[in-house]
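Chain by chain, the residues:
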Amino acid sequence: MKTERIGFSTWNDKDIEIATSLWSDPSVTKFISVNGKFDNIQIKEKLENEILNKKLYDVQYWPIFVLTTNENIGCCGLRPYNLDKGIYEIGCHLKPKFWGKGFASEAAKAVIDFAFQKPGAQNLFAGHNPNNATSKKFLTQLGFIYTHDEYYQPTGLQHPSYIYYK
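These notes cover the structure that comes with them. All of these numbers come straight from a predicted model, not from anything done at the bench.

## Things to note about the overall build of the chain
From N to C terminus, the chain includes five helices and seven strands. When the elements of the chain are put in sequence order from the N terminus, they spell out β-α-α-α-β-β-β-α-β-α-β-β. Computed over C-alpha atoms, the radius of gyration of the chain comes to 15 Å, within 12% of the 15 Å expected from 2.2 N^0.38 for 166 residues, which places it in the range of a compact globule. Each principal axis of the C-alpha distribution contributes one length, and for the chain these read about 35 × 35 × 30 Å. When each of the 166 residues of the chain is scored for burial, the buried share is 46%.

## Let's talk about the packing of aromatic side chains
What the rule picks out here adds up to eight aromatic pairs. Centre to centre, the rings of Phe 8 and Trp 62 are 6.4 Å apart; their planes meet at 80 degrees, and the pair counts as edge-to-face. You can see Phe 8 sitting in strand E1 (residues 6-8) and its partner Trp 62 sitting in strand E2 (residues 61-66), a full 54 residues away along the chain. The pair formed by Phe 8 and Trp 62 is uniform in burial state, with each residue classed as buried. Between Tyr 81 and Phe 125, the aromatic rings sit 3.9 Å apart at their centres with planes inclined by 5 degrees, giving stacked as the arrangement. One end of the pair, Tyr 81, is in strand E3 (residues 72-82); the other, Phe 125, is in strand E5 (residues 123-127), with 44 residues separating them in the sequence. An aromatic cluster of three or more residues is present, and its members are Phe 8, Trp 62 and Phe 114. Sitting above the plane of the Phe 103 ring, Arg 5 keeps its charged end 3.9 Å from the centroid. Lying over the aromatic face of Tyr 61, Arg 79 brings its terminal NZ or CZ to 4.0 Å of the ring centre.

## Some points on helix H1 (residues 16-23)
Taken together, the buried positions of H1 are Ala 19, Leu 22 and Trp 23. For H1, the angular spread of the buried residues around the axis is 80 degrees, confining them to a single face.

## With respect to unusual backbone geometry
Positive phi outside glycine occurs at Asp 58, with the angle close to 60 degrees. Overall, the relative accessible area of 37% leaves Asp 58 in the partly exposed class. The phi torsion at Asn 70 lies on the positive side, around 65 degrees, for a residue other than glycine. In this fold, Asn 70 is placed in the loop between E2 and E3.

## Here's the deal with the state of the cysteines
Applying the stated rule across the entire model yields zero disulfides. For Cys 75, which is in no disulfide, the shortest distance to another cysteine sulfur is to Cys 92 and amounts to 7.0 Å. When its relative accessible area of 0% is taken as the criterion, Cys 75 is described as buried. Free cysteine Cys 92: the closest other cysteine sulfur is in Cys 76, separated by 3.7 Å. Among the residues examined, Cys 92 registers a relative accessible area of 23% and is labelled partly exposed.

Conventions adopted
Residues numbered from 1 in each chain as written. Predicted model: local features only at pLDDT ≥ 70, side-chain atom pairs only at ≥ 80, totals over all residues. Heavy atoms only, no water. Helix = DSSP H or I, 4+ residues; strand = E, 2+ residues; numbered from the N terminus. Rg over C-alpha atoms; globule rule 2.2 N^0.38 Å. Buried < 20%, exposed > 50% of the residue type's maximum accessible area, 1.4 Å probe, protein only. Phe/Tyr/Trp six-rings, centres within 6.5 Å; stacked < 30°, edge-to-face > 60°. Lys NZ or Arg CZ within 6 Å of the ring centre and 35° of its normal. Arc of directions from axis to C-beta. Disulfide = S-S within 2.5 Å.

Below you can see the structure in the form of structure tokens.
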């Protein structure tokens, strides 16, 4: 996938340096893990899980790059959520340097378009840490509708949860 400013890639087992530069940053992980950070083992497991999702489901939180510089912005993509109902989860993790510049919206819109071209995709799910007001605003601006709170094991919290209807 590609947008005006962003190129999407696919994680592979050689991407540990890129994964570490993203998921070792507490500014990125403070809302997605129980203690606000990932150690090297957790980062490796996260990378392996993204690679496995690609193999099993042909989706992942793809690494994204600035087209003009090839600098890694973070990742944005899909993971299985409730495949019996054709629902995938969308997520986006950006490095702080790229916050507030429209990259998250640009990447998420491309992922949404991709998702509904995928056979069987009916709706998208997203959730956010209840302490992350920016994610709430982001999801509602994209057109996601709040449906319920749901327990998210990695943070140990009830996360406001949303659906994007096809």
